[in-house]
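For reference, the chains in residue letters:
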Amino acid sequence: MTNFANSLRAGPDERGRFGAFGGRFVAETLMPLILEVEAAYRAAKDDPGFQRELDRYLRDYVGRPSPLWPAERLSAALGGAKIYLKREDLNHTGAHKINSCMGQILLARRMGKTRIIAETGAGQHGVATATVCALFGLPCTIYMGAVDVERQKPNVFRMRLLGAEVRPVTSGAATLKDAMNEALRDWVAHVDDTYYLIGTVAGPHPYPMMVRDFQSVIGVETRAQILDAEGRLPDAAIACVGGGSNAMGLFHSFLDDETVRLIGVEAAGRGLDTHEHAASLERGRPGVLHGNLTYLLQTDDGQIEEAHSISAGLDYPGIGPEHAFLFENGRVQYVGVTDDEALAAFLLCTRTEGIIPALETAHALAHLTKLAPEIGPGGVIVVNLSGRGDKDIFTVARHLNAADLEESP
Amino acid sequence: MSRIAARIAALRKEGRGAFIPFLEAFDPDRETSQAILDGMPAAGADLIEIGMPFSDPMADGPIIQEAGQRALKAGATLSGTLAMVHAFRAHDRETPVILMGYLNPILAYGPARFCTDAQEAGVDGLIIVDLPPEEADLLAADAARAGLDIIRLVAPTTDAARLPRVLAGAGGFVYYVSITGITGTRSAAISDLARAIPPIRAATDLPIAIGFGIKTPAQAAEAVRIADAAVVASALIETLAASLREGCAGPETAARVLAQVRAIADAIRAVPR
């Protein structure tokens, strides 16, 4: 099952490869910067002072550790395994994104960078980036597809409130992938003072490794919390996957525990066999985009295709390279959940637990509704409740009709 | 001797710098871009660079991005680009042709098959923007087997410690990216170029071309005073774009681009060496 003799947690190698995936596919102008980020990150990682500082911000500013909530009514409603929700929605700014932003902004400061840029899709990473920039008084520019600026207005306003400049990107399809292209173009033009704060476990090495490391606090806490609550590891852990940062954060601590099923949920949009989905692993092919070799939605001629999902945060035609590796070696199972299934799960979680999940997270919950009865009573499942859904209520309102709201699960 | 080496050696003998104009394949359509390509040698091109359209050109500014979008809309594919080179070779066997683009379409085509087909079509060299030396082994053996030069980019951020690594495995010429930035935006100061080129010259015997930000005949002339060749891309595409009518080629499109090629070539030829 595994290519690593000892541990699946050992990657990446020195070239930034997880098996065949990852690497550093950037223009020469950026290459020295990428190497500089890597050297700075490795030095920070080995510096106990850096870790102490990060821990303090995570505790006193982000609000970690986040609780592991036993979801009793949801468990009862699904009639199967006992369900725990890892409450990343309770972090400051309402999602897991801030874990990595906090780590990266401390790194940027350590590197002496004075300007921050980032890309954002749904706006969650943009808000988290604008937040840490406000905290440290650094100017920041957020690239966001013009289409996303239109459909995520509350987050655009939040970013501007926080002092960030939001630059709508009109090139290409004007969504997340184009925002990332534009951020890379900005970085190339401002190499001296600018740090590119990438929001997911994708991009050139060391970003997939670094973002995963900063997000792995999710799994480290979950592991201790579930052992404390249940005296054993869960039977399964589920997370949604766009670029894949909340999933890597949860999964990394469990990769070597063969008894724990790990399931990543991709956005199947209007269906995996339509052309409107974001299932890079289930329907894509390996290729190179945004600095890494990974699975991509692309044409036969190697042109990148548009992704589709009701959730702007999963609307990306690629995926982090470590996921591509874990997909190919079979350690993590990847499944698809449609827009409609995600909406149903969104409502179920809201009505049984009083927790409005992000639409991204609702994809993980939708797969849970299938898996909980299958694993059955006596089983334990952890779901990464990666973000809260306040940002999504207008989207949900457009898709639900009055009858949906009258039913009570 | 490869066509690239032969051409540059001949120009050295002549005592002048080389002009490398750029066109995006299939921009705005196959026929017009073929007409531009075919007309370039007579207009004064010494080598020709052809852009391979890609949906996500991360090193390119708006002008070349839009050229790529027009080309893809016009049905550009990698095999279509190779077919253009093949057609060009039917009447020109001397002018070196270099393909410039991004890695993913080549991966989708298959690196080994691509190198073979490119060589058969008459391609001489490749510039792959997102393939730094660290990842070059993905294409190096196939390119070498097919006799294609891998042209390396050197940037202002490439320091003395890194330069030997970039030059190892480089062929054809060295492409100096004159600005930290994307294509077609700003231009480098002559003083910056005068400082940047000598260290590269000291580290390699390969000729040096300067690209990114050369827009006018005067700038091209300045570039070949300092280096061996000048690449002009966005300025030519701007002319092409300005000649379009509702996105389609006008009757003057190819002629206007070729007239600009001629003007730049004349400026370069007037530089005493």
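Our subject is the structure that appears above.
These numbers come from a predicted model, not from an experiment. (Residues numbered from 1 in each chain as written. Chains lettered and ligands numbered in written order. Predicted model: local features only at pLDDT ≥ 70, side-chain atom pairs only at ≥ 80, totals over all residues. Heavy atoms only, no water.)

Counting its secondary structure elements, chain B contains 12 helices and 9 strands. A compact globule built from 273 residues should have a C-alpha radius of gyration of about 19 Å, and chain B, at 17 Å, falls within 12% of that. Principal axes of the C-alpha set define a box for chain B whose edges measure 50 × 40 × 35 Å. By the burial criterion, 63% of the 273 residues in chain B qualify as buried. A total accessible area of about 9900 Å² is found for chain B, and carbon and sulfur atoms account for 54% of it. Here chain B contributes 25 positively and 31 negatively charged side chains, and the mean placements of these two sets differ by 5 Å. (Helix = DSSP H or I, 4+ residues; strand = E, 2+ residues; numbered from the N terminus. Rg over C-alpha atoms; globule rule 2.2 N^0.38 Å. Buried < 20%, exposed > 50% of the residue type's maximum accessible area, 1.4 Å probe, protein only. Areas by Shrake-Rupley, 256 points an atom, 1.4 Å probe, with all protein chains shown as cover. Lys, Arg positive; Asp, Glu negative; His and termini not counted. Charge placed at Lys NZ, Arg CZ, Asp CG, Glu CD.)

Before going further, it helps to examine helix 9 (residues 207-215) of chain A. With 9 of 9 residues buried, helix 9 of chain A is to be regarded as a mostly interior element. Along helix 9 of chain A, the positions that sit buried rather than exposed are Tyr207, Pro208, Met209, Met210, Val211, Arg212, Asp213, Phe214 and Gln215 of chain A.

Our focus in this paragraph is helix 7 (residues 153-161) of chain A. The α-helix advances 3.6 residues per turn, and as a result positions three or four apart in sequence lie on the same side. Residue and element names in this part refer to chain A. When helix 7 is considered as a whole, its buried residues turn out to be Asn155, Val156 and Met159. For helix 7, the angular spread of the buried residues around the axis is 105 degrees, confining them to a single face. Within helix 7, the exposed residues directed more than 90 degrees away from the buried face are Phe157 and Leu161. Against the buried residues of helix 7 lie strand 5 (115-120), helix 5 (124-136), strand 6 (140-145), helix 6 (146-151) and strand 7 (165-169). Within two residues after helix 7, Gly163 carries a phi angle of roughly 100 degrees, on the positive side. (Arc of directions from axis to C-beta. Contact = heavy atoms within 4.5 Å.)

What follows covers the pattern of salt bridges. Enumeration according to the criterion identifies 52 salt bridges over all chains in this entry. Measuring nitrogen to oxygen at the nearest pair gives 3.9 Å for the salt bridge that ties Asp186 of chain A to Arg167 of chain A. Of the two residues, Asp186 of chain A sits in helix 8 (residues 176-189) while Arg167 of chain A sits in strand 7, which places them 19 residues apart along the sequence. Since its relative accessible area comes to 5%, Asp186 of chain A is described here as buried. Taking relative accessible area as the criterion, Arg167 of chain A reaches 31% and is therefore assigned partly exposed. Residues joined in a network through salt bridges with shared partners are Arg15 and Arg17 of chain A together with Glu135 and Asp137 of chain B. (Salt bridge = Lys/Arg side-chain N within 4 Å of Asp/Glu carboxyl O.)

Right, let's talk about the sheet that holds strand 11 (residues 285-289) of chain A for a bit. All names here are of chain A. In spatial order, the strands read 1-2-12-11; together these 4 strands make up an open sheet with antiparallel pairing. On the outer flanks of this sheet lie strand 1 (17-18) and strand 11, each paired with one strand and no other. Looking at chain direction, strand 2 (residues 21-25) and strand 12 (residues 291-296) are connected through 2 bridges and run antiparallel. In the sheet register, Phe25 faces strand 12, and the bridge partner there is Gly291. (Pairing = 2+ DSSP bridges.)

So, on to the interface of chain B and chain A. Listed by partner, the interface residues are 38 residues for chain B and 36 residues for chain A. Buried surface at the junction of chain B and chain A, both sides included, amounts to about 2800 Å², of which 52% is carbon and sulfur. By the criterion of area lost to chain A, the three top residues of chain B are Asp56, Met58 and Glu135 of chain B, representing 23% of everything that side buries. Glu135 of chain B is paired through a salt bridge with Arg17 of chain A; the nearest N and O atoms lie 2.6 Å apart. For the side of chain B that touches chain A, the elements supplying multiple residues, two or more each, are helix 3 (62-73), helix 5 (103-109) and strand 6 (153-154) of chain B. Among the elements that line the side of chain B that touches chain A, the one with the most residues is helix 5 of chain B, at 5 residues. When its residues are assigned to classes, the side of chain B that touches chain A shows 22 nonpolar, 9 polar and 7 charged. (Buried area = accessible area lost by both parts, 1.4 Å probe. Nonpolar A, V, L, I, M, F, W, Y, C, P; charged D, E, K, R; others polar.)

Take empty space enclosed by the protein next. Residues and elements named next belong to chain A. Scanning all chains against the criterion turns up 8 cavities of 30 Å³ or more. The calculated volume of the largest cavity comes to roughly 380 Å³. In terms of lining, the largest cavity is formed by 30 residues, of which the most central are His96, Lys97, Gly313, Leu314 and Glu360. Within the residue set of the lining of the largest cavity, elements represented by two or more residues are strand 5, helix 5, helix 8, helix 11 (245-251) and helix 15 (359-375). (1 Å grid on protein atoms, 1.4 Å probe; cavity = no way out; pocket = protein on both sides within 12 Å on 5 of 7 lines; lining within 4 Å. Points joined across faces, edges and corners; volume = space filled by probe spheres on them.)

Right, let's talk about the packing of aromatic side chains for a bit. Residues and elements named next belong to chain A. Evaluation of the coordinates by the stated rule reveals 13 aromatic pairs over all chains. Their ring planes at 75 degrees and their centres at 5.6 Å tell us that Tyr41 and Phe214 sit as a pair that is edge-to-face. In this pair, Tyr41 is assigned in helix 1 (residues 31-45) and Phe214 in helix 9, connecting sequence segments 173 residues apart. Measuring from ring centre to ring centre gives 6.4 Å for Tyr196 and Tyr207, while their planes differ by 50 degrees; the resulting arrangement is tilted. With Tyr196 in strand 8 (residues 194-196) and Tyr207 in helix 9, this pair connects stretches of sequence that are 11 residues apart. Residue class for Tyr196 comes out buried when judged on its relative accessible area of 0%. Judged by its relative accessible area of 0%, Tyr207 is buried. (Phe/Tyr/Trp six-rings, centres within 6.5 Å; stacked < 30°, edge-to-face > 60°.)

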